[in-house]
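Notes for the structure review
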Amino acid sequence: MMKKFSATSDYRLKIKTPLGSLTVVLKGSWAPRNVRLILEKTPFTARGFKSTPDIYQMIVGFDLPRETIYRNAKQGDFLALPTLKAYGIVLNDVHLRYPAVLMGRIKSPIQEVKRIIAHGAKVMFEVEPNA
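Since the structure is predicted, the reported quantities are computational estimates derived from the model, not experimental observations.

1. A word on the nonpolar core
Core analysis: the largest hydrophobic core is formed by 33 residues, its most contacted members being Ile15, Ile38, Met58, Phe78, Tyr87, Ile89 and Phe125. Once residues within four sequence positions are removed from consideration, Met58 is found in contact with Ile15, Ala46, Arg47, Gly48, Phe78, Lys85, Ala86, Tyr87, Gly88, Ile89, Val123 and Phe125. Counting twelve residues, the second-largest nonpolar core is a separate cluster that includes Tyr70, Leu81, Ala86 and Leu96.

2. Some details on the sheet that holds strand β6 (residues 77–81)
Sheet architecture is closed into a barrel: eight strands sit in the order β1-β2-β9-β6-β7-β4-β3-β10, paired in antiparallel fashion. Ignoring which end each strand starts from, the neighbouring axes of this sheet average 35 degrees apart. Bridging between strand β3 (residues 44–50) and strand β4 (residues 55–59) involves four bridges; their strand directions are antiparallel. Each bridged residue has a counterpart across the sheet, and for Lys50 the counterpart in β4 is Tyr56. Across the sheet, helix α1 (residues 32–41) lies against β1 (10–17), β2 (20–27), β3, β6, β7 (86–90), β9 (101–106) and β10 (121–127), angled at about 60 degrees from β9, the strand it touches most.

3. Examining the side chain of Thr23
With respect to the helices and strands, Thr23 occurs in strand β2. Relative accessible area serves as the criterion here: at 7%, Thr23 is assigned to the buried category. Within polar-contact distance, the side chain of Thr23 engages the side chain of Lys14 at 2.8 Å. The contacts of Thr23, once residues within four sequence positions are left out, are Arg12, Leu13, Lys14, Arg105, Ile106, Lys107, Ser108 and Glu128.

4. A word on the pairing of β9
Burial analysis of β9 places five of its six residues in the buried class, the great majority of the element. Looking at chain direction, β2 and β9 are connected through three bridges and run antiparallel. Note that in β9 the partner of Val25 across the bridge is Arg105. Relative to β9, β6 runs antiparallel, the two sharing four bridges. Counterpart to Asp77 in the pairing with β9 is Arg105.

Analysis parameters
Residues numbered from 1 in each chain as written. Predicted model: local features only at pLDDT ≥ 70, side-chain atom pairs only at ≥ 80, totals over all residues. Heavy atoms only, no water. Core = buried A, V, L, I, M, F, W, Y, C linked by side-chain atoms within 4.5 Å. Buried < 20%, exposed > 50% of the residue type's maximum accessible area, 1.4 Å probe, protein only. Contact = heavy atoms within 4.5 Å. Pairing = 2+ DSSP bridges. Helix = DSSP H or I, 4+ residues; strand = E, 2+ residues; numbered from the N terminus. Axes fitted to C-alpha atoms, helices over the stretch in contact; angles between N-to-C directions. Polar contact = N/O pair within 3.5 Å; in protein donor to acceptor, adjacent residues only side chain to side chain.

Below, the structure written as structure tokens:
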């Protein structure tokens, strides 16, 4: 059962891969429609792969809301990529060529993130119950 959504709250999202898991802190105030959607949809799986050296994409195949567009992504950002029907983890600072919505930040150290997502893989999204 999903916790009642609040735009002023933070939520802890777990992304599990065959090599380990990482934690994302989602900020309800940064992207309320996207954060609410991910909370409603979890748990779900996605197909993850490195689309560029700077972005790890996780294709979900459902529509993501367009909110405030964000182009200058920083290492550790967690993004919704509406035109790609995907979520993204920013591995290195990058100027994005496509619209993105900033949803939160990765809590795990970036080197650990890079190790966990080294290979394309099926990933599982779950929200921590008391997040």
